[in-house]
Amino acid sequence: MKATVFLKRSYSEIIALLVALACGVYALTRGQDMNWDLLNYHLYNPYAFLNGRIETDLAPAGLQSYFSPMLDIIYFFAISHLGPKTVGFLLGFLQGLNFLLVYKIAKLVLKQHDYRNTVALFLALAALLTVGFLAEVGTAMHDSLVALFPLLSLWMVMSTIQSLQEGKQRPAMVLIMAAGVVAGIGIGLKLVSAIYALPICLSFFVLPLPWLKKFRLAFLYGLAVLAGLFVTGSYWMFEMWRLFGNPLFPQFNNYFQGELATFEEIRDVRFLPGTLFDKIFYPVLFTLDPQRAAELKYEQYSWLAAYIAVLALFISRAVQFFRQATANRTWGPEASFLLAFFCLGYFFWLNIFGIYRYLIVIELLIPLLLFVVITYIFRSRFAARGAALFIAVLTAVNLGGAPDWRHSDWADRVYRMEPSVFTTQPEPAAVYLAGQPIAWIVPALDIQSPFIQIVPNMPVSDAYWQRARMLAAGRSGKRYLVFETDNPAVVERAHTNLARLGLTLLDDSCKVLAGYVGSGRIEYRFCEVKEVTEQE
């Protein structure tokens, strides 16, 4: 009897657990993650931090060498002590917990719906079948993993709305501040998630509360965000400030002026819309041309549907306002908060990043948004069924549209290198790198030589090249240059910057350096370099 009661009360949580387990199994079917970021810095950064290499090396992963390693340390520890398949399953399982959070948020928004539990489960499942989420299941790209923090924070805040309306201030305040800490912890782990903390903060102003109370709630939430950021981000920011004079080095170096990079704003602007027309119609543009917002093709129609739905909602509300008509169907404060968060999150993404995978947090909420908007605009008793059918068809159409960020078959180890002169002969005086992604070879080779990037993906200063000379000075042994690619532009830059360091390639010395990520073999060309003499 007790077991039956437990199952009735907890069946939603049991379903959420099963969905998370299914995500773990799906991660296993995809194979070993080999994404660009993994090869570039998700392996290098924790290794460098744990082995004290931050001052030994010089930007092997380019600007990403200086991203916080805190989340990657957990991944690095896991692959060092657990099998690759186990780690892949755990990643998929943790990412699958987004289902539970979307379900909880949907239940709050649909609190007046007759079948809110069933509908919330359906919408949460549709959320996990969006292309942004599916593309990253089992990968170490972290976007869908860190999404847990802003979504948990959003749910915690939204769960206080009814208490705030009823005048139960103290417990609501405590939960709101806890929600801010959660969001701040997420920002400390991955700074990108800051674009979702600010929308939560601003969304307090759409609640039907006195303005002074709205301001106080937003202020307390913001303070709590800073406290959470301090927990996970302060140490790394202090280290970057101490070592390079910029807590966000090398980003925003126009403000902090760290000496190794030029004094300009350094960030990825490749996918930002360039004109006002592009900004207004960007969901249409990146739906028609997915590579407007990503390196790979995220083929979907969800964003086009969300764009049309939000426009239709605003038009509907405007018509009601001018006609001074009263809506037949109520629009709860939770729905208002959701809409404000969604629109503000998109606005900040649009103007700061424009990179598709950073949209995962609000993309997970698109099915819920569509259901709420459709059932509000269409007052028919069949609106809920029609909305569910539309979302189901849209989800089915999008299946298969998620890109593959590169996988290989599973192996006994996540990464390894074949024997080479780097490990079978005396350690080199220095290893120069040309291009990205290549920094994963640093933990794979596991030698003490400094690794120096000479084709960095950031504008560097003269102090950078002085540091490059200093790191190799006085060290015995040969020097090598490893090319990530034979792209002529990269090769030309490598030769130019070698000359800047007083070095040149040794003729007929080039060989192949091979390694594996999972079962995927990766080959690089490496050559010995020598100092340029006065006669040369």
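Residues numbered from 1 in each chain as written. Predicted model: local features only at pLDDT ≥ 70, side-chain atom pairs only at ≥ 80, totals over all residues. Heavy atoms only, no water.

### Points about the packing of aromatic side chains
How we decide: Working definition: rings of Phe, Tyr and Trp (its six-membered ring) pair if their centres are within 6.5 Å, and the pair is stacked with planes under 30 degrees apart, edge-to-face with planes over 60 apart, and tilted otherwise. Going along the chain from the N terminus, every DSSP run of H or I of four or more residues is numbered as a helix, and every run of E of two or more is numbered as a strand. Residue burial is assigned from relative accessible area. The probe radius is 1.4 Å, only protein chains are included, and a residue is buried under 20% of its type maximum, exposed over 50%, and partly exposed in between. As a reminder, the over-ring test applies to NZ of lysine and CZ of arginine, requiring each to be within 6 Å of the ring centre and within 35 degrees of the ring normal.
On inspection of all chains with the given rule, the structure shows 30 aromatic pairs. Between Phe-215 and Phe-219, the aromatic rings sit 6.3 Å apart at their centres with planes inclined by 15°, giving stacked as the arrangement. Here the residue Phe-215 and the residue Phe-219 both occupy positions in helix α14 (residues 211–244), the gap between them amounting to four residues, near one helical turn. Judged by its relative accessible area of 47%, Phe-219 falls in the partly exposed class. Ring pairing ties together the aromatic residues Tyr-282, Phe-286, Tyr-298, Trp-303, Phe-342, Tyr-346, Trp-349, Tyr-356 and Trp-405, which thus form one cluster. In this arrangement the basic side chain of Lys-214 is found over the ring face of Trp-211, its NZ or CZ atom lying 4.0 Å from the centre. Seen from the ring of Tyr-516, Arg-416 lies directly overhead, with NZ or CZ sitting 4.2 Å from the centre.

### Re the nonpolar core
What counts, and what does not: Nonpolar core, defined: a set of buried Ala, Val, Leu, Ile, Met, Phe, Trp, Tyr and Cys residues in which side-chain atoms within 4.5 Å join the residues together. Only heavy atoms matter for contacts: two residues are in contact if any of them lie within 4.5 Å across the pair.
Membership of the largest hydrophobic core comes to 146 residues, with the highest contact counts inside it found for Tyr-221, Trp-349, Phe-422, Trp-440, Ile-441 and Val-482. If one sorts the elements of this core by residue count, helix α19 (residues 333–352) sits on top with 10 residues. The contact partners of Val-482, leaving out residues within four places of it in the chain, are Phe-422, Val-431, Tyr-432, Leu-433, Ala-434, Ile-438, Ile-441, Leu-513, Tyr-524, Arg-525 and Phe-526. Judged by nonpolar contacts, the second largest core, of 38 residues, contains Val-455, Ala-463, Ala-468 and Cys-527.

### Topic: unusual backbone geometry
Apart from glycine, the bulk of residues carry a negative phi angle, and the bulk of peptide bonds sit in the trans form. Following Phe-249, the chain continues into Pro-250 via a peptide bond in cis, with omega recorded as 0°. Looking at the element boundaries, Pro-250 is found in the loop between α14 and α15 (253–256). Residue Pro-437 is reached from Gln-436 by a cis peptide bond, and omega for that bond is 5°. The backbone of Phe-252 shows a phi angle near 55°, a positive value even though the residue is not glycine. Its identity is not glycine, yet Gln-257 carries a phi of approximately 60°, on the positive side. In this structure, Gln-257 sits in the loop between α15 and α16 (276–280).

### Let's talk about the environment of Leu-433
When you line up the elements, Leu-433 lands in strand β4 (residues 430–434). Owing to a relative accessible area of 0%, Leu-433 belongs among the buried residues under this scheme. For the pair Leu-433 and Gln-453, spaced 20 residues apart in sequence, the C-alpha to C-alpha distance is 4.6 Å. With residues up to four places along the chain from it excluded, the contact list for Leu-433 reads Pro-60, Ile-438, Ile-441, Phe-451, Ile-452, Gln-453, Ile-454, Val-455, Leu-481 and Val-482.

### Quick notes on empty space enclosed by the protein
As a reminder of what qualifies: A pocket here means an open set of points on a 1 Å grid, computed over the protein atoms alone, that has protein on both sides within 12 Å along at least five of seven lines. A cavity is instead a set of points where a 1.4 Å probe fits but cannot get out; residues with an atom within 4 Å of a point line either one. Grid points are joined across faces, edges and corners, and a volume is the space filled by probe spheres set on the points.
Evaluation of the coordinates by the stated rule reveals four cavities of 30 Å³ or more. As a volume, the largest cavity reaches approximately 90 Å³. The wall of the largest cavity is formed by 13 residues, among which Asp-143, Val-192, Tyr-196, Tyr-358 and Val-361 lie closest to the centre. Contributions of two or more residues to the lining of the largest cavity are made by α9 (143–146) and α20 (360–363).

### Things to note about the packing of helix α21 (residues 366–377) against helix α22 (residues 383–398)
Heads up, the rule is: Helix axes are fitted only over the stretch in contact, all axes being lines through C-alpha atoms; the angle between N-to-C directions runs from 0 to 180 degrees. Each crossing gets its handedness from the near helix: less than a right angle anticlockwise from the far helix is left-handed, clockwise is right-handed. In this count, Pro and Cys sit with the nonpolar residues alongside Ala, Val, Leu, Ile, Met, Phe, Trp and Tyr, while Asp, Glu, Lys and Arg are called charged and the others, Gly among them, polar.
Look at α21 against α22: their axes get within 9 Å of each other, and the N-to-C directions meet at 150°. Between α21 and α22 lies a crossing whose hand is right-handed. Together, Pro-367, Leu-370, Phe-371, Ile-374 and Thr-375 of α21 and Ala-383, Ala-384, Ala-387, Ala-388, Phe-390, Ile-391 and Leu-394 of α22 make up the contact between the two elements. Class assignment of the residues belonging to the contact of α21 with α22 gives a composition of 11 nonpolar, one polar and no charged.

### Considering the side chain of Ser-193
One can find Ser-193 in the loop between α12 (169–189) and α13 (194–203). Not counting residues up to four positions away in its chain, the partners in contact with Ser-193 are Val-146, Gly-186 and Ile-187.

### As for the state of the cysteines
Let me state the cut-off plainly: Counting rule for disulfides: a pair of cysteine sulfur atoms within 2.5 Å.
For the structure shown, the criterion picks out one disulfide. A sulfur-sulfur distance of 1.9 Å marks the disulfide that ties Cys-510 to Cys-527. Disulfide Cys-510-Cys-527: the torsion about the S-S bond is 100°, which places it as right-handed. Of this pair, Cys-510 sits in the loop between β7 (503–505) and β8 (511–517) while Cys-527 sits in strand β9 (residues 520–531), and the two are 17 residues apart along the sequence. Its sulfur unpaired, Cys-201 is 17 Å from the next cysteine sulfur, which belongs to Cys-343. By relative accessible area, which is 14% here, Cys-201 ends up buried.

### With respect to the side chain of Asp-143
Here is the rule we go by: Pairs of N or O atoms within 3.5 Å make up the polar contacts considered here, provided that, within protein, one atom can donate a hydrogen while the other can accept it, and that residues adjacent in sequence are counted only when both atoms are side-chain atoms.
In this fold, Asp-143 is placed in helix α9. For Asp-143, a relative accessible area of 6% translates into the label buried. Among the polar contacts made by the side chain of Asp-143, one reaches the side chain of Arg-357 at a distance of 2.4 Å. Apart from the residues within four sequence positions on either side, Asp-143 is in contact with Glu-136, Lys-190, Arg-357, Tyr-358 and Ile-360.

### Remarks on the pattern of salt bridges
Applicable threshold: Here, a salt bridge means any side-chain nitrogen of Lys or Arg that lies within 4 Å of a carboxyl oxygen of Asp or Glu.
Counted according to the given criterion, the structure contains 15 salt bridges. Two residues, Arg-53 and Asp-57, come together in a salt bridge whose shortest N-O distance is 2.7 Å. Lys-190 is paired through a salt bridge with Asp-143; the nearest N and O atoms lie 3.8 Å apart. Taken together, the positions of Lys-190 in the loop between α12 and α13 and Asp-143 in helix α9 put the pair 47 residues apart, joining distant regions of the chain.

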